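Read off the chains here:
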Amino acid sequence: CNLSQLTPAERKFMSAREREKGNEYLRAGEHEEAIACYSKSIVLNESNKKTYSSHASNFEIDSTLVKTLAKRAMCYHKTGRYEEAVVDFEACHEMDCNAGYDRMMHTSQSKLQDPMMVPNSNEATNDPNPENQFHKMVIEEFDD
């Protein structure tokens, strides 16, 4: 899909659809899929692009963008991608400093500084599917 050929209304519709898909994945606990959908939603909506790049310094805050970024940040945090979570929480805080995003950002930052934290096993293998991190074991029953 060539984004430059889409009308603003089509981009806004597709952005909302990707955000809703992300919400469904988040409810299902499928964080990597949710991240992908939230990221597409942010890219699709032209007003998101303008607001996100400026961190709302001269533009009206788009509350949908802030919520989408916050949900993506939560997914990053839950999958051990703390640096990315900090970036999104920081952007949310700059756009809406009254919502407590700074507290969530500090939580992700503290995970980055914790020497006991190990990388998420999914990141180590670049496999977003956690089921692929386990070996299958066959258990056979034997008759005596």
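Preceding block: the structure.
Structural notes, computed from the coordinates. (Residues numbered from 1 in each chain as written. Predicted model: local features only at pLDDT ≥ 70, side-chain atom pairs only at ≥ 80, totals over all residues. Heavy atoms only, no water.)

Right, let's talk about the nonpolar core for a bit. Judged by nonpolar contacts, the single largest core of 19 residues is most densely connected at Leu 69, Phe 89, Cys 92, Met 95 and Tyr 101. Listed by contribution, the elements that provide at least two residues to this core are helix H2 (31-44), helix H4 (63-78), helix H5 (82-95) and helix H6 (101-113). In terms of residues, this core owes the most to one element, H4, which gives seven residues. Beyond its immediate stretch of four places on either side in the chain, Tyr 101 contacts Val 66, Ala 70, Phe 89, Cys 92, His 93 and Asp 96. (Core = buried A, V, L, I, M, F, W, Y, C linked by side-chain atoms within 4.5 Å. Buried < 20%, exposed > 50% of the residue type's maximum accessible area, 1.4 Å probe, protein only. Helix = DSSP H or I, 4+ residues; strand = E, 2+ residues; numbered from the N terminus. Contact = heavy atoms within 4.5 Å.)

Here helix H1 (residues 8-27) contains 20 residues, and its C-alpha end-to-end distance of 29 Å stays within 8% of the 28 Å for a straight helix at 1.5 Å per residue. Of all the residues in H1, the buried ones are Arg 11, Met 14, Ser 15, Glu 18, Arg 19, Gly 22 and Asn 23. (Expected span 1.5 Å × (residues − 1).)

Assignment of secondary structure puts Glu 20 in helix H1. With 18 residues separating them along the chain, Glu 20 and Tyr 38 place their C-alpha atoms 8.6 Å apart.

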